[in-house]
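In case you want the letters, here they are:
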Amino acid sequence: MTTGGSGRPGVRGAGVDRRTVLAGAAGFAGVSAGLVAIGVARRREPDVADPEAFLDRVLGQPGAVPDVRPGPVEHGRFRSTARLGATVPWVLIRPPGRHRRLPLVVALHGHGGTVAQLLEPRWDLPRFLAAAVADGVPPFAIAAVNGGDTFWHRRPSGEDAGAMVTREFLPMLGGRTRDLRGAPIGLLGWSMGGYGALRIAGLLGADRVAAVVANSPGLYLDPAQAHPDGFADPAEYRRYSIMERQRDLDGVSVRIDVGSSDPFAPAVRAYVDGFADGADLTASFEPGTHTLGYSLRLLPAELAFLGTHLAARS
């Protein structure tokens with residue numbers, strides 16, 4: 001195991017241990033778990049005008065949206081049987097320029113999020129993708145779909161946003177877009193979506209998934225602490241927890257980033273520690289907490305990771 005910074009990861013040669021932990025400072029552990037901005041319920045403290053911005057300044061430089069021209073964004077809707085008949089918005093983000101047979105990354109939003117959030121000026125995922133490709137990252141497209149707040153797995157109601165992604169959304173994209181390469185794909189998620197990305201990547205396996213990135217994934221050590229929108233009781237937690245299912249990702253390149261003061265950090269550390277020493281894993285625990293500024297700071301390296309590994313599997 002090695003340690004280092006959070007710059008763009010390279011592809012190592014065969015026979016080299018691929019399990020990499022990028023360790024950051026572990027201070028500021030007492031930061032309030034309520035101050036979040038990427039998909040978990042949020043509160044404002046009366047004595048701080050903007051606690052999210054304050055935390056970003058203290059715990060690390062927040063990421064900034066690149067000042068570049070974005071590529072085209074396609075919008076659509078479909079009726080999802082897996083989501084019990086809901087009409088579901090989706091977007092497909094392409095990099096600027098003309099490209100043949102783009103690999104595809106599916107992005108999963110966090111709790112309370114939507115695909116529209118990813119396009120807002122404060123997030124602007126199309127500009128981040130454009131900047132990555134301009135910086136030399138092998139090009140790919142990003143598709144995102146509304147999954148509600150059900151943690152991307154089947155709930156007692158029968159709603160299953162994870163099945164919507166695998167059984168409806170991916171086949172729909174393949175049937176209507178000729179410039180997408182098909183399998184293997186990448187997965188990218190934040191908070192609730194980070195958990196969902198890891199879970200779906202494990203379900204699909206290495207034949208269909210080249211790489212997965214989870215930013216601040218919503219993981220829990222104790223069923224009693226798990227969000228009720230995703231885990232109604234300990235039985236549902238045990239059924240859908242990924243805490244002991246790291247081997248499902250064998251053959252998939254995995255990157256996990258979480259701030260050292262993120263309330264999910266202890267569970268994420270336990271999850272990372274559960275990978276075998278030879279796993280193709282990159283993990284970082286840099287200063288930061290559960291804010292958009294932290295997520296945007298890591299996003300360029302995460303997009304580079306996805307592009308590099310998708311290109312390697314083309």
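Keep in mind it's a predicted model, so treat the numbers as computed, not measured.

## A closer look at the pattern of salt bridges
Under the criterion given, the structure shown has 10 salt bridges. With its nearest N and O atoms 3.3 Å apart, the salt bridge here joins Arg122 to Glu120. Residue classification places Glu120 among the partly exposed positions, given a relative accessible area of 32%. The residue Arg297 makes a salt bridge to Glu286 at a minimum N-O spacing of 3.3 Å. Of this pair, Arg297 sits in helix H8 (residues 292–312) while Glu286 sits in the loop between strand E9 (281–285) and H8; the two residues are 11 residues apart in sequence, bridging distant segments of the chain. By relative accessible area, Arg297 is classed as partly exposed at 25%. Each of Glu74, Arg94 and Asp179 takes part in one network of salt bridges that share partners.

## Some remarks on unusual backbone geometry
Residues other than glycine predominantly adopt negative phi, and peptide bonds predominantly adopt the trans conformation. Here Ala183 and Pro184 are connected by a cis peptide whose omega angle stands at -5°. For Pro184, the location among the structural elements is in the loop between helix H4 (161–176) and strand E6 (185–190). Backbone geometry at Phe151 places phi at a positive 60°, although glycine is not the residue there. With respect to the helices and strands, Phe151 occurs in the loop between strand E5 (141–145) and H4. By relative accessible area, which is 3% here, Phe151 ends up buried. A positive phi angle is found at Ser216, which is not glycine, with a value near 50°. Its location among the elements puts Ser216 in the loop between strand E7 (209–215) and helix H6 (234–240).

## So, the nonpolar core
Ranked by internal contacts, the top residues of the largest apolar core, which has 58 residues, are Leu104 and Ile256. Ignoring any residue separated from it by four or fewer positions in sequence, one finds Leu104 in contact with Leu92, Ala141, Ile142, Ala143, Leu170, Leu173, Leu180, Ile185, Gly186 and Leu310. Counting residues in hydrophobic clusters, the runner-up holds 29 residues, among them Val115, Phe140, Ile142 and Val213.

## Overview of the pairing of strand E3 (residues 86–93)
Counting buried residues along E3, 6 of its 8 residues qualify, which places the element largely inside the surrounding structure. Bridging between strand E2 (residues 73–80) and E3 involves 8 bridges; their strand directions are antiparallel. Among the inter-strand pairings, Arg77 is bridged to a residue of E3, identified as Pro89. Where E2 folds back onto E3 in an antiparallel hairpin, the turn is made up of 5 residues, including Leu84, whose phi is positive at roughly 60°. The pairing of E3 with E5 spans 4 bridges and is classified as antiparallel. From the neighbouring strand, Ile93 faces E5, where its bridge partner is Ile142.

## Observations regarding the pairing of E9
In terms of burial, E9 is a largely internal element, 5 of the 5 residues being buried. Neither face of E9 is exposed, since Leu281, Ala283 and Phe285 on one face and Thr282 and Ser284 on the opposite face are all buried. The pairing of strand E8 (residues 253–257) with E9 spans 4 bridges and is classified as parallel. Pairing of Val254 across the sheet is with Leu281, part of E9. In this fold, E8 hands off to helix H7 (residues 265–273), which returns the chain to E9; that crossover is right-handed.

## Thoughts on the packing of aromatic side chains
Overall, the coordinates contain 10 aromatic pairs when judged by the stated rule. Measuring from ring centre to ring centre gives 6.3 Å for Phe78 and Phe169, while their planes differ by 10°; the resulting arrangement is stacked. Of this pair, Phe78 sits in strand E2 while Phe169 sits in helix H4, and the two are 91 residues apart along the sequence. The class for Phe78 is buried, based on a relative accessible area of 12%. Exposure remark for Phe169: the relative accessible area of 0% places this residue in the buried category. Residues Trp90 and Phe169 carry aromatic rings whose centres are separated by 6.3 Å and whose planes lie at 55° to one another, so their mutual orientation is tilted. In this pair, Trp90 is assigned in strand E3 and Phe169 in helix H4, connecting sequence segments 79 residues apart. Judged by its relative accessible area of 2%, Trp90 is buried. Aromatic rings pair up to connect Phe151, Tyr195, Tyr220, Phe231, Tyr237 and Phe264 into one cluster.

## A closer look at the side chain of Glu159
Considering the arrangement of structural elements, one finds Glu159 in the loop between E5 and H4. Not counting residues up to four positions away in its chain, the partners in contact with Glu159 are Ala82, Arg83, Leu84, Thr150, His153 and Arg154.

## Here's the deal with the packing of helix H3 (residues 125–134) against H8
Axes are the key here: two packed helices are described by the angle between their axes and the distance separating the axes. Where H3 meets H8, the closest approach of the two axes is 10 Å, and the angle between their N-to-C directions is 45°. It follows that H3 is oblique to H8 by the angle criterion. Considering only the axes of H3 and H8, their crossing is right-handed. Where H3 abuts H8, its residues Leu125, Phe128, Leu129 and Ala132 lie against Leu296, Leu299, Pro300 and Leu303. Across the contact of H3 with H8, the residue classes tally to 8 nonpolar, no polar and no charged.

Conventions and cut-offs
Residues numbered from 1 in each chain as written. Predicted model: local features only at pLDDT ≥ 70, side-chain atom pairs only at ≥ 80, totals over all residues. Heavy atoms only, no water. Salt bridge = Lys/Arg side-chain N within 4 Å of Asp/Glu carboxyl O. Buried < 20%, exposed > 50% of the residue type's maximum accessible area, 1.4 Å probe, protein only. Helix = DSSP H or I, 4+ residues; strand = E, 2+ residues; numbered from the N terminus. Core = buried A, V, L, I, M, F, W, Y, C linked by side-chain atoms within 4.5 Å. Contact = heavy atoms within 4.5 Å. Pairing = 2+ DSSP bridges. Right-handed = clockwise from strand over helix to strand, strands pointing away. Phe/Tyr/Trp six-rings, centres within 6.5 Å; stacked < 30°, edge-to-face > 60°. Axes fitted to C-alpha atoms, helices over the stretch in contact; angles between N-to-C directions. Parallel < 35°, antiparallel > 145°, perpendicular 65-115°, else oblique. Left-handed = near helix turned anticlockwise from the far one by under 90°. Nonpolar A, V, L, I, M, F, W, Y, C, P; charged D, E, K, R; others polar.

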